[in-house]
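# Structure at a glance
The residues making up each chain are set out below.
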Amino acid sequence: YASGTPRRRRLPPTRAVELAAAAGAQFALLAALRPGLAGIAVGVVYALASWGVLAAAFRRRRRLGPADHVTLVRVVLTGGVASLVAGHLAGGGHTWTLVAFASAALVLDGVDGQVARRTGTASKLGARFDMEVDAFLVLVLSVVVAWSAGAWVLAIGAMRYAFGAAAWAAPWLRGELPPSVARKAVAVLQGVALTVAAPGVVPYAGALVAAALALLVWSFGRDVAWLFGRRHTARPAGREDRGRSTDGARGPRLLDPVAR
């Protein structure tokens, strides 16, 4: 500069660095897991897609919050589960590694909400971020269990997305739901039941999954009936909040047992 002021280097936003690091961790995990060609292909697509989606979703934030970092770890773990499921369906092994990663992701699902509340960083975007990871993890787990137990298991993973699609056609489905302990318990049971059934060696695991699905149908049915009864008076949620909430708040939190 003519004034003699030294030029400052423009550093990349912290958010961009964090998301790029998560994508790098995803690729490193793929290299360590060696899930086969099918698993690698799914893992690469997942890593690039999740990086792009999160970069767009958090474009207005310079940095992620503490709870978002926990959820970002769950994104990487879920990508590992997806790649292992693809490898398993293609004839590979790694079943117990799949169970370990899914279990870790489910445990951390109860951590990010606690972190958000204790640090005062809870937000609708963080809740949506967490919910989408939950929903995709359950969808992937339902795929691997359906491979041995039957296509009916896919209803567990598809129900959240079917509800979201229905909410676009029926705005009254976007209304607020009251808090419900039963809804939270049913949500937790889905991931647990699918993880237990994934190895295919636990006795009566199919019955557990069937019971989980029955409870999920009951939970959805109860909430749909409640929303239908108030369809003329309820105010639809905002665009970022569309969907069903397991913690009773307005919004799309379908499978997260802890509100964030």
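Here we summarise the structure given alongside this text. (Residues numbered from 1 in each chain as written. Predicted model: local features only at pLDDT ≥ 70, side-chain atom pairs only at ≥ 80, totals over all residues. Heavy atoms only, no water.)

## Let's talk about helix α4 (residues 95–119)
Given 3.6 residues per helical turn, the α-helix brings residues three or four places apart onto the same face. As a reminder of what qualifies: What counts as a helix is a DSSP run of H or I of at least four residues, what counts as a strand is a run of E of at least two, and both are numbered from the N terminus. Here, expected helix span is obtained from the residue count minus one, scaled by 1.5 Å. Note on bend: the value at a residue is the angle between axes fitted to the seven residues ending there and to the seven starting there. Accessible area is worked out with a 1.4 Å probe on protein chains only. A residue is then buried under 20% of its type maximum, exposed over 50%, and partly exposed in between. For this analysis, residues touch if any pair of their heavy atoms sits within 4.5 Å.
Helix length check: α4, at 25 residues, gives a terminal C-alpha distance of 36 Å against a target of 36 Å (1.5 Å per residue), a fit within 8%. The sharpest bend along α4 reaches about 25° and sits at D109. Within α4, burial applies to T95, L98, V99, F101, A102, A105, D109, D112, G113 and A116. Close packing links the buried residues of α4 with α1 (14–33), α3 (66–89), α5 (124–149) and α7 (181–197). Just beyond α4, the residue with positive phi is G120, at close to 65°.

## Here we look at the nonpolar core
The test is simple: To qualify as a nonpolar core, a set must consist of buried Ala, Val, Leu, Ile, Met, Phe, Trp, Tyr and Cys residues joined through side-chain atoms within 4.5 Å.
Core analysis: the largest hydrophobic core is formed by 50 residues, its most contacted members being V81, L98, V145, L194 and V209. For this core, the secondary structure elements donating two or more residues are α1, α2 (36–57), α3, α4, α5, α6 (154–169), α7 and α8 (205–229). Setting aside chain neighbours within four positions, we find V145 in contact with G150, V153, L194, A197, A198 and V209.

## Topic: empty space enclosed by the protein
If you roll a probe as big as a water molecule over the atoms, it shows you where there is empty space left. Applied cut-off: The pocket and cavity definitions rest on a 1 Å grid over protein atoms only: a 1.4 Å probe that fits but cannot leave marks a cavity, an open set with protein on both sides within 12 Å along at least five of seven lines marks a pocket, and residues lining either have an atom within 4 Å of a point. Grid points are joined across faces, edges and corners, and a volume is the space filled by probe spheres set on the points. Only Asp, Glu, Lys and Arg are considered charged in this grouping, and only Ala, Val, Leu, Ile, Met, Phe, Trp, Tyr, Cys and Pro are considered nonpolar; every other residue, Gly among them, is considered polar.
The full count for this structure, using the stated rule, is 1 cavity of 30 Å³ or more. Its boundaries defined by the atoms lining it, the largest cavity holds a volume of some 80 Å³. As for the largest cavity, its lining consists of L19, A22, A23, Q26, A47, S50, W51, L54, L72, V75 and V76. Of the residues in the lining of the largest cavity, the class split is 9 nonpolar, 2 polar and no charged.

## Examining the packing of α1 against α3
What counts, and what does not: Where helices are involved, their axes are fitted lines through C-alpha atoms of the stretch in contact, as for all axes, and angles between N-to-C directions lie from 0 to 180°. Roughly parallel refers to an angle under 35 degrees, roughly antiparallel to one over 145, roughly perpendicular to one between 65 and 115, and oblique to any angle outside these ranges. By definition, any crossing whose near helix is turned counterclockwise from its far helix by less than a right angle is left-handed, and any crossing with a clockwise turn is right-handed.
Direction vectors running N to C along α1 and α3 enclose 30°, while the axes themselves pass 10 Å from each other. Between α1 and α3, the interaxial angle falls into the category roughly parallel. By crossing handedness, the relation of α1 to α3 is classed as right-handed. Across from E18, L19, A22, A25, Q26, L29, L30 and L33 in α1, the residues of α3 making contact are H69, L72, V75, V76, G79, G80, S83 and L84. Within the contact of α1 with α3, the residues separate by chemical class into 10 nonpolar, 5 polar and 1 charged.

## Some points on the packing of aromatic side chains
Here is the rule we go by: Any two rings among Phe, Tyr and Trp, with Trp reduced to its six-membered ring, count as a pair given centres within 6.5 Å; such a pair is stacked if its planes are under 30 degrees apart, edge-to-face if over 60, and tilted if neither.
Summed over all chains, the structure comprises 4 aromatic pairs. On the numbers, 5.4 Å between centres and 75° between planes, the contact of F58 with F129 is edge-to-face. Highlighted residues: F58 in the loop between α2 and α3 and F129 in helix α5, separated in sequence by 71 residues. A residue is classified by how much of its surface remains accessible, and F58, at 1% relative accessible area, is buried. Of the residues examined, F129 reaches a relative accessible area of 7% and is grouped as buried. Judged by centre distance (5.3 Å) and plane angle (75°), the rings of W172 and F228 are edge-to-face. Pair noted here: W172 is in the loop between α6 and α7 and F228 is in helix α8, with a separation of 56 residues, a long-range link. A relative accessible area of 24% means that W172 is categorised as partly exposed. The exposure class assigned to F228 is partly exposed, which follows from its relative accessible area of 42%.

## A look at α8
Counted at 1.5 Å a residue, the expected span for α8 with its 25 residues is 36 Å, and the 36 Å between its end C-alpha atoms agrees. Within the span of α8, buried status applies to A205, V209, A212, L213, L216, S219, F220, D223 and L227. Contact partners of the buried residues in α8: α5, α6 and α7.

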